[in-house]
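# Chain and residue survey
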Amino acid sequence: MQFDDVIMGRRSIRGYTREPVPRALIEEVVALALRVPSSYNSQPWHLHVVTGEPLERIRAGNTERTLSGVPDSREFRKGKPYAGPHRARQIGVAKQLFAAMGIAREDTAGRQDWVLRGFRQFDAPVCVIVTYDREMDGNDDTPFDCGAITTMLVNAAWSRGLGAVINSQGIMQSPVVREHAGIPDDQVIMKAVALGWPDETFPANAVVSERRGVADVVTFTGFED
Ligand SMILES: Cc1cc2nc3c(=O)[nH]c(=O)nc-3n(C[C@H](O)[C@H](O)[C@H](O)COP(=O)(O)O)c2cc1C
């Protein structure tokens, strides 16, 4: 696949086939992702690749705790709720996804089901938990670097025909993830990535989310034209 095909073709995948992903292919994808730049080449990340029974326990634990109202225990700062244009974009993609899935605004059960799907890691055969060394805590370059490797990972996966969705839902109940993925205490849990073969019949997988344009994002300074 050409670079442009990967970048322009990639979408978040939220429905997967049951086909397992060979470990060798995951190693190949991770090897590509590891070429990402990082602050001072610090490479502060760890990737915990989980499948099988431990992943089933994570799905079950996340679901159980969410349904029983255990509050979110993310290990990073959330800041204020999205507002203004950020909130508008959040709502925009949610509307696209719900429309594709045929989930109406008043369909409380359908919406709940959709949320729980995220807590189950979208029933993907593999989940990658991205963590970083706790001694790097407080350095804002570290979450920046984790974002970079995670983005590289999903693009590298796409280049090999694999789908993925970066998500916070999978790590909102962080003690569950820490226990079943065996994450040591000297690592901070940053994000989850569901990974597997896209189910081509799953409607939300076809959603192409919108993007701001170049003119909206870029401020050119010092150019002649
Ligand atoms: C940091 C981060 C957290 C995300 N968390 C979730 C999540 O919890 N659930 C979900 O369904 N998608 C999640 N996403 C996926 C975004 O919704 C998605 O990337 C965005 O809408 C753009 O769509 P695209 O990936 O299809 O281009 C997350 C993405 C990022 C980068």
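A short tour of the structure in this document, coming up. (Residues numbered from 1 in each chain as written. Predicted model: local features only at pLDDT ≥ 70, side-chain atom pairs only at ≥ 80, totals over all residues. Heavy atoms only, no water.)

## Some remarks on the nonpolar core
As a reminder of what qualifies: Remark: nonpolar core denotes a set of buried residues (Ala, Val, Leu, Ile, Met, Phe, Trp, Tyr, Cys) joined through side-chain atoms within 4.5 Å. Categorising residues by exposure relies on relative accessible area from a 1.4 Å probe, with only protein chains included: less than 20% of the type maximum marks a residue as buried, more than 50% marks it as exposed, and the intermediate range marks it as partly exposed. Helix and strand labels come from DSSP, where a helix needs a run of H or I of at least four residues and a strand needs a run of E of at least two; each type is numbered from the N terminus. What makes two residues a contact is simply this: any of their non-hydrogen atoms within 4.5 Å.
Residues V21, L153, L162, V193 and L195 are the most contacted members of the largest nonpolar core, which totals 25 residues. The set of elements that each furnish at least two residues to this core consists of α2 (23-33), β2 (126-133), α6 (141-159) and β4 (187-196). Ignoring sequence-local partners within four residues, the contact set of L162 consists of V21, L25, V29, A157, L195, G196, W197 and P198.

## With respect to the site of the ligand
Selection rule: Nearness is defined per residue: one heavy atom within 4 Å of the molecule or strand is enough. For the purposes of these results, a polar contact is taken to be a pair of N or O atoms within 3.5 Å, where, inside protein, one atom must be able to donate a hydrogen and its partner to accept one; residues adjacent in sequence count only when each atom of the pair is a side-chain atom. Gly is placed with the polar residues, together with every amino acid not listed as nonpolar (Ala, Val, Leu, Ile, Met, Phe, Trp, Tyr, Cys and Pro) or charged (Asp, Glu, Lys and Arg).
Around the ligand lies a shell of 14 residues, among which S12, R14, Q169, S209 and R211 are the nearest. In this structure, R10 approaches the ligand through a side-chain N or O atom, which is 3.0 Å from an oxygen atom. Between a nitrogen atom of the ligand and a main-chain N or O atom of I166, the distance comes to 2.9 Å. Here the element with the most residues in the shell around the ligand is strand β3 (residues 163-167); it accounts for three residues. Along the lines of polarity and charge, the residues of the shell around the ligand split into four nonpolar, five polar and five charged.

## Digging into the side chain of R14
Selection criterion: Residues counted as positive are Lys and Arg, residues counted as negative are Asp and Glu, and His and the chain ends are not counted. Throughout this description, the term salt bridge denotes a Lys or Arg side-chain nitrogen within 4 Å of a carboxyl oxygen of Asp or Glu.
By the secondary structure assignment, R14 is in the loop between α1 (3-9) and α2. Put simply, R14 is tucked away with no salt bridge, and the nearest opposite charge, on D123, sits 13 Å away. With residues up to four places along the chain from it excluded, the contact list for R14 reads L97, W114, R117, F122, V165, F202 and N205.

## Things to note about the side chain of H48
Residue placement: H48 occurs in strand β1 (residues 45-50). Judged by relative accessible area, which is 15%, H48 ranks as buried. In this structure the side chain of H48 is engaged in a polar contact, spanning 2.7 Å, whose partner is the side chain of Q187. Every residue in contact with H48, bar those within four places of it in the chain, is listed here: C127, V128, I129, T131, A181, I183, P184 and Q187.

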